[in-house]
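Chain residues, written in single-letter form:
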Amino acid sequence: MESNPIVQQVDWETGRRVGVLPALRRNVDIDDTAESVLRRENCCDPGSRCDQAVEITLASGVHPRLVGHQTDPAVAYQVETIGQQDLDGRAYAERRRTATDTKAAFGLRIGRAADAPPQQSQQGERSVQSKFPVLVVVLLCACGGPGPVAGPQPAQSPLQAGTPAAVDVDALVGSLSVRDKIAQLVMPWIPGTYAAFDDEAFRRMQAWVDSLHVGGLIVSVGSPFDVAAKLNRLQERSRLPLLVASDLEAGTAIRLNGGTPFPPNMGIAATGSDSDAYEVGRVTALEGRAVGIHLAFAPVADVNNNPANPIINVRSFGEEPHAVGRLVAAEIRGLQDHGMLAAAKHFPGHGDTGADSHISLPVLTANWARLDSVELVPFRSAIAAGVAAVMSAHIALPGIDGGRLRPGTVAPNILTGILRDSLHFTGLVVTDALNMGGIANEYGAEAAVRAFVAGSDLLLQPADPKTTIDAMTAAVARGEISPERLDRSVRRVLQLKWQIGLFTERIAPLDGVPLVVGRADFREEARDMATRSLVLVKDVNGTVHGLKNARSPLTLVTYGDEDYRAVGTTLASELRALGFAVTVFKLWPASGPASYDSAAVAIERNPVTLFAASDKPIASRGSIGLPDAMMGLISTTARSRPTILVSLGNPYLIGQLPEVGSYLIGWRSNSVTEQAVARALAGAKAITGRLPISIPPLYARGWGVQRRVP
């Protein structure tokens, strides 16, 4: 890759763009972006009326300016920590060497919390002092170029006064007003979709940066170019660099249209390879940093031991705490070895709940012994792996919290007592979205104050950023929040911004985006993982086994939610390419009795029926599972003819459908997985995955019918 990125010079007094100097001159074709994998968000696009909710998924190919130069050497890798994790060694050593080379090249310093001594706080928390001074250097250079155009210049820090100056984090904290300190801790949500810079909604986001001086943003679904361009514009206008975060569970495809679509965490666990989790983290970091994202709200560290959990499900690595912990640690290393901060979620554990915290307050009735031996195990692994941040859950734990029914996000004895004091976590504590029903229904605008007093640092996705800053400012004025407590959190945030290079370079060069996001080698890795993640739970009558020899005509009946009506399209196309005659009938939540009657007629046309169901956890839906009409159609069909059920999501479906003779789990509804499913059904690929969860009443964790390809 060429060495001159797009570089921008900013007038920090006015926030006005002075110049943009493209370093690479080539045409970029964005017409062939890969499929859009949409997810609903907790907060609407400013100015819109939609009701959305957020689910709270080479080194040589990335330009160094995407990450930024650091003055300190990279943190040495801790061999002992890896040794304690019993990681799968497949290709791990090679990737570790690559990661070390990457850190050395980029100068990354993402510290491991395990290296720091335990800290105490106000209610058990003590200030995490800056161990290293921040050196902010102004590089004014003139690089030769064609014609009269001046050479590229890096963006300047607002602390610079035209000459090189060394400024430490403490000095920066001391220079900020109380209101600006609070603003550094507030991260509102913005959509990633295209918007003109004079669009009303974009102007509102810009005002958050220009007037409120927020410290960061949470970006949602959009094309990589739209996301990068929008973030660059906002970074240019911000006096301090913005920390940009996004939900990047199991890869960027959940947010970036065209990002690499990996299986969800539970699918990664089904491969049995910890190095796959590391690789998901690696690719996520490289793709995310390429568009200007620095903090991934991932991995999910919840232990999903409740099949009825409506919001975690396949987002978890499984039900066995130590296995989940190993995979969590591996993904964290993959992320942070390659320049992306990781945030393990949802502390202290959202896996055994029966309600969705986007809607109401779930209650976990665990005592300390249970919490210590199950839910906290993956978080201990995350902290040992050096995770930069931990996200709190809006769930009540009356057995731990003195019988009180309040979100853990506002409970000091949970965020400070357990996370800080017992687990010795010294990094950032971030809230889950503050506009979620599990906390907003009770506390409204005061949710941020309660969360901060309890021990949070970053205040995510408030309904109104200004109201939140006002409420926090008032809390400081009346003495509820001490200046020292406020400074500790601000110091943590600014320290991380420095560690990942944002004081040196905050702009994502647009020319680098198509060189990284959705690369062919990344997608090939995703295809390989999708194939190895497939689990054949049962094939009682040999229907799946028989397809590889007899290309029986199939009726494919699909079910997908309103956001993904394309479910089954790639599956049908790939089966036809493999020699099957396929009749397709699509159903979705709005389908009525007439549609189901028509589906039954289509089923009669062919000897074998294949159901493909995309049932997945959706924020604010409040339940998981197929509708009764769909369950009835599958059950009736399975009693009368050879039937295969493929789950492209929720793995627990077979528990209520004992009549189905053949059941294959594909974990996610996207083109990569559907292609893998088609090839597995046709006998072109082996089926080797094993369940990372048990499926009551018959199938234990580790079960899987293995089918090899000669």
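Residues numbered from 1 in each chain as written. Predicted model: local features only at pLDDT ≥ 70, side-chain atom pairs only at ≥ 80, totals over all residues. Heavy atoms only, no water.

*Asks:* Just checking my understanding: could you explain the overall build of the protein for this structure?
*Replies:* If you tally the helices and strands in the protein, you get 23 helices and 19 strands. In the protein, which comprises 710 residues, the proportion classed as buried is 62%. Counting only carbon and sulfur atoms, one obtains 52% of the accessible surface of the protein, whose full area is about 24700 Å². (Helix = DSSP H or I, 4+ residues; strand = E, 2+ residues; numbered from the N terminus. Buried < 20%, exposed > 50% of the residue type's maximum accessible area, 1.4 Å probe, protein only. Areas by Shrake-Rupley, 256 points an atom, 1.4 Å probe, with all protein chains shown as cover.)

*Asks:* Looking at this model, I keep getting lost on the sheet that holds strand 19 (residues 662–665). Mind explaining?
*Replies:* Note: strands within a sheet are paired through backbone hydrogen bonds, in either parallel or antiparallel orientation. Spatially, 14-19-18-17-15-16 is the arrangement adopted by the six strands of the open sheet, whose pairing is mixed. Bordering the open sheet on either side are strand 14 (535–539) and strand 16 (582–587), each of which pairs with just one other strand. The sheet shows a mean angle of 15° between the axes of neighbouring strands, direction not considered. In this structure, strand 18 (residues 643–647) lies alongside strand 19, joined through four bridges in parallel fashion. From the neighbouring strand, Leu645 faces strand 19, where its bridge partner is Tyr663. (Pairing = 2+ DSSP bridges. Axes fitted to C-alpha atoms, helices over the stretch in contact; angles between N-to-C directions.)

*Asks:* How should I be thinking about the sheet that holds strand 10 (residues 341–347) in this particular structure?
*Replies:* The sheet built from seven strands is open, its strands ordered 6-7-8-9-10-11-12 with parallel pairing. Unpaired on one side and paired on the other, strand 6 (189–190) and strand 12 (428–430) mark the two borders of the sheet. As defined by bridge partners, strand 10 adjoins strand 11 (residues 389–392) across four bridges and the pair is classed as parallel. When the bridges of strand 11 are listed, Ala344 appears paired with Val390. Each of strand 10 and strand 11 is contacted by helix 11 (residues 376–384), which is oriented at about 165° to strand 10, the strand it contacts most. (Contact = heavy atoms within 4.5 Å.)

*Asks:* What am I meant to see in helix 14 (residues 447–454) here?
*Replies:* Residues lying three or four places apart along an α-helix face the same way, a consequence of the helix completing one turn every 3.6 residues. Along helix 14, six of the eight residues are buried, which leaves the element largely enclosed by surrounding structure. Here helix 14 has its buried residues at Ala447, Ala448, Val449, Ala451, Phe452 and Ala454. Tucked into the core, helix 14 has its buried residues touching helix 12 (412–422), helix 13 (437–443), strand 13 (459–460), helix 15 (465–477) and helix 16 (483–499). With its phi angle positive at about 135°, Gly455 sits one or two positions after the end of helix 14.

*Asks:* Please explain the pairing of strand 15 (residues 554–559) as it appears in this structure.
*Replies:* Consecutive side chains along a regular strand alternate between the two faces of the sheet. The element strand 15 is largely enclosed, with a buried count of six among its six residues. Neither face of strand 15 is open: one carries Leu554, Leu556 and Thr558, the other Thr555, Val557 and Tyr559, and all of them are buried. Two elements, strand 15 and strand 17 (residues 608–613), share six bridges in a ladder whose sense is parallel. Note that in strand 17 the partner of Thr558 across the bridge is Ala612.

*Asks:* How should the side chain of Thr609 be read in this particular structure?
*Replies:* You can see Thr609 is positioned in strand 17. Residue class for Thr609 comes out buried when judged on its relative accessible area of 0%. Setting aside residues up to four positions removed in sequence, Thr609 forms contacts with Thr555, Ile603, Thr637, Arg641, Pro642, Thr643 and Ile644.

*Asks:* How should the pattern of salt bridges be read in this particular structure?
*Replies:* Where charged atoms from two side chains of opposite charge approach closely, those side chains can pair. As enumerated under the stated definition, the model contains 30 salt bridges in all. For Glu249, the salt bridge identified is with Arg315, shortest N-O distance 2.8 Å. Of this pair, Glu249 sits in the loop between strand 8 (243–246) and helix 7 (265–270) while Arg315 sits in the loop between strand 9 (295–296) and helix 9 (321–336), placing them 66 residues apart in sequence. Across the salt bridge formed by Asp276 and Arg532, the nearest N and O atoms sit 2.8 Å from each other. Taken as a pair, Asp276 in helix 8 (residues 274–290) and Arg532 in helix 18 (residues 520–533) lie far apart in primary sequence, 256 residues in all. Each member of the pair Asp276 and Arg532 is classed as buried. What emerges from the salt-bridge pattern is a single network uniting Asp247, Glu249, Arg255, Arg315 and Lys345. (Salt bridge = Lys/Arg side-chain N within 4 Å of Asp/Glu carboxyl O.)

*Asks:* Teacher, can you tell me more about the nonpolar core here?
*Replies:* It is characteristic of soluble globular proteins that their nonpolar side chains tend to be buried jointly. Counting residues in hydrophobic clusters, the biggest one holds 126 residues, and the most contacted among them are Phe347, Val387 and Leu458. With 34 residues, the next largest nonpolar core counts Phe611, Leu633, Ile634 and Ile665 among its residues. (Core = buried A, V, L, I, M, F, W, Y, C linked by side-chain atoms within 4.5 Å.)

*Asks:* What is the right way to look at the packing of helix 5 (residues 200–212) against helix 6 (residues 224–237) in this model?
*Replies:* The packing of two helices is summarised by the inter-axis angle and the distance between the axes. Orientation of helix 5 relative to helix 6, taken along the N-to-C sense of each, is 35°, at an axis distance of 9 Å. With respect to the hand of their crossing, helix 5 and helix 6 are arranged in right-handed fashion. Residue-level contacts link Phe202, Met205, Gln206, Val209 and Asp210 of helix 5 to Lys230, Arg233, Leu234 and Arg237 of helix 6. Taken together, the residues of the contact of helix 5 with helix 6 break down into four nonpolar, one polar and four charged. (Left-handed = near helix turned anticlockwise from the far one by under 90°. Nonpolar A, V, L, I, M, F, W, Y, C, P; charged D, E, K, R; others polar.)

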